[in-house]
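Here is how the chains run, residue by residue.
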Amino acid sequence: MSAYDFNPESLMMTYGYKPELSEGAIKCPIFQTSTFVFKTAEEGKAFFELAYGLREKSPKEELGLIYSRINNPNLEILENRLCLWDKADDCAVFESGMSAISTVLLEFLKPGDLLVYSNPLYGGTDHFIQHFLDKIGVHTIGVMPNQSIEEVHELIEKSGKADRLAMIYLETPANPTNHIIDIEGFANMASSYSTDDKKVLVAVDNTYMGPLWQHPLQCGADLVLYSATKYIGGHSDLIAGAVLGNKDLMIRVKTLRTFLGNMVSPHTAWLMLRSLETLKVRMDQQTENAQIVADYLMTHAKVKKVYYLGVLEEGTKGYETYKKQCSAPGAMVSFDIKGGEKEAFKFLNNLKLVKLAVSLGSTESLAEHPKTMTHAGVEEKQREQMDITDQLVRLSIGVEHSKDLLWDIEQALEKV
Ligand SMILES: *Cc1c(COP(=O)(O)O)cnc(C)c1O
């Protein structure tokens, strides 16, 4: 496509799929198969030479289908389509967001290395870093939301391990308070610690914003990670993950995936191909609804504070970074209810349409209490520093009619 580039949403139904290879079927079938038949022994040999990196690919050659742990049409088509949103060279899909994250951390960190990461991280990621990486001797520095890049520089210098800095791992906007981190700023810092033979990598978990409105690779990050369970899957009916980046890094990610065997199943990949067809319309509607809900909460007498990118005040640092880095505010809205846990629970227990559940980014709206649920494992002192208090309620806004959402939130607040 040289003369005209279609937008990603226009390509989600067809890109990467050749009907003539599947009896003309308009839709990609589920390739529910473990292995693939080689035409000749010579072909099998050639495929394995590429799969194991025994020789360079010749210009027109493509890695043929071998075995579904290595490759499968449903996975490959899904990966090609996901590349369009983030403008990535390549993508690898995983059986969960956690398997995508742990595979990246395992591939690019080794004992003695230093990892710098932003707080608060997703609970599972935090656990993997604190418990598993610690056990294998990876040093870590956790950055608090209010710390500037200059302060982080100082922490790295003071650690005495600056020469071992291997990766900066970020989650932005942060869950659950939408605190926004300047990806470009951290990418510049990573460059300042890189040398000719060692590039300090920046990896960004982009789950909370989703693949439409924030493109970390375009801001200087090297890897972008997703829990595809959230917006990409979008219907609360599957668990999956994805990693995207340049060709060289993705060869390493895919190789480790082959040997850990944590690729997604063909059926789950197929479900995600369906999901991608509506990703744009779903997320457009979710964001529109979320803005309406946030605006409503801002005016409510029982609400103390609203944490939403669409209500950030102009002129603040957060607003500037948001404007530089994101093109829409997303569908995650948190707020402080006046009172404490009792009032928050009263609100949650009285919702009728919005369901009381963790997870996010799906078609149905969800509500939860971060302090006692998603962030129950975070140290009390750290939780306070991150505004995760008894009063905080998190909402993931879905595609319902906004009037119905407001009705539900209003009647639940009335009961408080
Ligand atoms: C859900 C989530 C994960 C973990 O993904 P799973 O698919 O549940 O393994 C990682 N990061 C963030 C930000 C998440 O919300």
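**Q** Outline a nonpolar patch on the surface, listing residues and values.
**A** Where nonpolar side chains cluster on the molecular surface, the patch consists of Phe48, Tyr52, Leu54 and Phe259 and spans about 450 Å² of accessible area. Within the secondary structure layout, phenylalanine 259 lies in helix H8 (residues 247-260). Here phenylalanine 259 falls in the exposed class, since its relative accessible area comes to 52%.

**Q** If you had to explain the nonpolar core to someone new, which residues and values would you point to?
**A** In this structure, Leu82, Leu297, Val306, Val333, Phe335, Phe347 and Leu395 are the most contacted members of the largest nonpolar core, which totals 68 residues. Looking at which element gives the most residues to this core, the answer is helix H10 (residues 279-299), with 7 residues. In this view, phenylalanine 335 contacts Leu297, Val303, Lys305, Val306, Tyr307, Phe347, Gln391, Leu392, Val393 and Leu395; residues no more than four positions away in its chain are not counted. Grouped together as the second largest cluster of nonpolar side chains are 26 residues, Ala92, Leu115, Leu133 and Ala203 included.

**Q** Can you lay out the sheet that holds strand S10 (residues 355-356) for me, pointing to particular residues and giving the numbers?
**A** Taking strand neighbours across the sheet as the criterion, the 5 strands line up as S8-S9-S12-S11-S10 in an open arrangement whose pairing is mixed. With one partner strand each, in any of the chains shown, strand S8 (303-307) and S10 form the two edges of the open sheet. When strand S11 (residues 366-368) meets strand S12 (residues 392-396), the two strands line up antiparallel, connected through 3 bridges. Bridging across to S12, leucine 366 finds its partner in serine 396.

**Q** Could you give me a rundown of the side chain of lysine 230, with the residues and numbers involved?
**A** Within the fold, lysine 230 resides in the loop between strand S6 (223-227) and strand S7 (241-245). No salt bridge forms around the buried lysine 230; measuring N to O, its nearest opposite-charge neighbour aspartate 205 is 7.5 Å away. When residues no more than four places from it in sequence are discounted, the contact partners of lysine 230 are Tyr122, Thr207, Ser359, Leu360 and Gly361.

**Q** Summarise helix H12 (residues 341-350); cite the residues concerned and give the values.
**A** Those residues of H12 lying buried are Ala344, Phe347 and Leu348. Relative to the axis of H12, the buried residues are bounded by an arc of 95° and lie together on one face. Of the exposed residues in H12, the ones pointing more than 90 degrees away from its buried face are Lys342 and Asn349. Buried positions along H12 lie against strand S9 (332-337), S10, S11, S12 and helix H14 (402-414).

**Q** Which residues make up the environment of methionine 98, and what are the values?
**A** Tracing the backbone shows methionine 98 in helix H4 (residues 97-108). With a relative accessible area of 25%, methionine 98 lands in the partly exposed category. Between the C-alpha atoms of methionine 98 and proline 216, which are 118 residues apart in sequence, the distance is 19 Å. Look past the residues within four positions of methionine 98 in its chain and what remains in contact with it is Tyr122, Gly124, Thr125 and Phe128.

**Q** Describe the environment of threonine 35, with residues and values.
**A** With respect to the secondary-structure elements, threonine 35 resides in the loop between helix H1 (8-11) and helix H2 (41-51). Residue classification places threonine 35 among the partly exposed positions, given a relative accessible area of 45%. Along the sequence, threonine 35 and tyrosine 319 sit 284 residues apart, while their C-alpha atoms lie 51 Å from each other. Discounting residues that sit within four places of it in the chain, threonine 35 has contacts with Ile66 and Tyr67. A distance of 3.3 Å separates a polar atom in the side chain of threonine 35 from the backbone oxygen of isoleucine 66.

**Q** Break down the pattern of salt bridges for me, citing the residues and quoting the values.
**A** In the structure shown here, the tally under the stated rule is 19 salt bridges. The salt bridge involving glutamate 9 is made with lysine 280; its shortest N-O contact spans 4.0 Å. Taken together, the positions of glutamate 9 in helix H1 and lysine 280 in helix H10 put the pair 271 residues apart, joining distant regions of the chain. Owing to a relative accessible area of 27%, glutamate 9 belongs among the partly exposed residues under this scheme. Lysine 280 gets classed as partly exposed once you look at its relative accessible area, which sits at 23%.

**Q** Can you lay out the packing of aromatic side chains for me, pointing to particular residues and giving the numbers?
**A** Under the counting rule described, the total for this entry stands at 7 aromatic pairs. Here tyrosine 4 and phenylalanine 6 contribute two aromatic rings whose centre-to-centre distance is 5.3 Å and whose plane-to-plane angle is 80°, an arrangement assigned as edge-to-face. Judged by its relative accessible area of 46%, phenylalanine 6 falls in the partly exposed class. Ring plane angle 85° and centroid distance 6.4 Å describe the contact between phenylalanine 38 and phenylalanine 48, whose orientation is recorded as edge-to-face. Pair noted here: phenylalanine 38 is in the loop between H1 and H2 and phenylalanine 48 is in helix H2, with a separation of 10 residues, a long-range link. Using a relative accessible area of 32% as the deciding quantity, one classes phenylalanine 48 as partly exposed. Over the face of the ring belonging to phenylalanine 94 we find arginine 257, whose NZ or CZ atom lies 5.9 Å from the ring centre.

**Q** Summarise the site of the ligand; cite the residues concerned and give the values.
**A** In the vicinity of the ligand there are 14 residues, among which Met98, Asp205, Ser227, Thr229 and Lys230 approach most closely. A distance of 2.7 Å separates a nitrogen atom of the ligand from a polar atom in the side chain of aspartate 205. Serine 227 is positioned such that a nitrogen or oxygen atom in its side chain is 2.8 Å from an oxygen atom of the ligand. Protein contacts shield 93% of the accessible area of the ligand, which totals 380 Å² for the unbound molecule. Ranked by the residues each element gives to the shell around the ligand, the list is headed by H4, at 3 residues. For the shell around the ligand, a count of residues per class yields 6 nonpolar, 5 polar and 3 charged.

What counts, and at which threshold
- Residues numbered from 1 in each chain as written.
- Predicted model: local features only at pLDDT ≥ 70, side-chain atom pairs only at ≥ 80, totals over all residues.
- Heavy atoms only, no water.
- Patch = residues over 30% accessible without salt bridge, like charges linked within 9 Å, V, L, I, M, F, W, Y side chains within 5 Å.
- Areas by Shrake-Rupley, 256 points an atom, 1.4 Å probe, with all protein chains shown as cover.
- Salt bridge = Lys/Arg side-chain N within 4 Å of Asp/Glu carboxyl O.
- Helix = DSSP H or I, 4+ residues; strand = E, 2+ residues; numbered from the N terminus.
- Buried < 20%, exposed > 50% of the residue type's maximum accessible area, 1.4 Å probe, protein only.
- Core = buried A, V, L, I, M, F, W, Y, C linked by side-chain atoms within 4.5 Å.
- Contact = heavy atoms within 4.5 Å.
- Pairing = 2+ DSSP bridges.
- Lys, Arg positive; Asp, Glu negative; His and termini not counted.
- Arc of directions from axis to C-beta.
- Polar contact = N/O pair within 3.5 Å; in protein donor to acceptor, adjacent residues only side chain to side chain.
- Phe/Tyr/Trp six-rings, centres within 6.5 Å; stacked < 30°, edge-to-face > 60°.
- Lys NZ or Arg CZ within 6 Å of the ring centre and 35° of its normal.
- Near = heavy atom within 4 Å.
- Nonpolar A, V, L, I, M, F, W, Y, C, P; charged D, E, K, R; others polar.

By themselves these figures say nothing about function.
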